[in-house]
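# Working through the structure, step by step
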Amino acid sequence: MNWIILIVAGFFESGFAFCLGKMKEVSGTEWYLWGAGFLTSLVLSMTLLAKAVQTLPIGTAYPVWTGIGAVGTVVLGIVFFHEPASFLRLFFITTLIASIVGLKMVSH
């Protein structure tokens, strides 16, 4: 169950990065709404991470959390912010995913 919590925490990490990206595109009330989304995602991500590390080793949980957030943020950047999807960028994201899976496999 804590692995699922950790994965959801990683998704919220991508969420707060996405909100930051949207905040730089808007102003006024919309900026504050995206800011509220950022703060909500940040609090949920950190709370879920703290819950997950109660039973998972921090040396595994933290890199998995940041890896999920990094992969999610790159994908969101490509899809919503029209960032480049070059071969090398996708290759290194793939190696990051493989590393996350590897950490999960060797964790006890």
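What this report covers is the structure whose coordinates are included nearby. If you're wondering where the values come from, they're calculated on a predicted model, not measured in any experiment.

## Focus on the nonpolar core
- Within the largest apolar cluster, 15 residues are counted, with the highest numbers of intra-cluster contacts made by Trp3, Leu6, Ala52, Leu56, Val64, Trp65 and Ile100.
- Secondary structure elements with two or more residues in this core: α1 (2-23), α2 (29-52), α3 (58-80) and α4 (87-106).
- If you tally residues by element for this core, the top one is α3, at 6 residues.
- Apart from the residues within four sequence positions on either side, Leu56 is in contact with Asn2, Trp3, Leu6 and Ala61.

## Points about unusual backbone geometry
- Of note, the phi angle at His82 is positive, near 55°, even though the residue is not glycine.
- Here His82 is to be found in the loop between α3 and α4.
- Accessibility expressed as a relative area gives 69% for His82, which makes it exposed.

## Digging into the pattern of salt bridges
- As enumerated under the stated definition, the model contains 2 salt bridges in all.
- One salt bridge connects Lys22 with Glu25, and the closest N-O pair in it is separated by 3.5 Å.
- Relative accessible area serves as the criterion here: at 48%, Glu25 is assigned to the partly exposed category.
- The salt bridge partner of Glu83 is Arg89, with a shortest N-O separation of 3.1 Å.
- What makes Glu83 partly exposed here is its relative accessible area of 33%.
- Note on Arg89: relative accessible area 25%, which makes it partly exposed.

The rules behind the values
Residues numbered from 1 in each chain as written. Predicted model: local features only at pLDDT ≥ 70, side-chain atom pairs only at ≥ 80, totals over all residues. Heavy atoms only, no water. Core = buried A, V, L, I, M, F, W, Y, C linked by side-chain atoms within 4.5 Å. Buried < 20%, exposed > 50% of the residue type's maximum accessible area, 1.4 Å probe, protein only. Helix = DSSP H or I, 4+ residues; strand = E, 2+ residues; numbered from the N terminus. Contact = heavy atoms within 4.5 Å. Salt bridge = Lys/Arg side-chain N within 4 Å of Asp/Glu carboxyl O.

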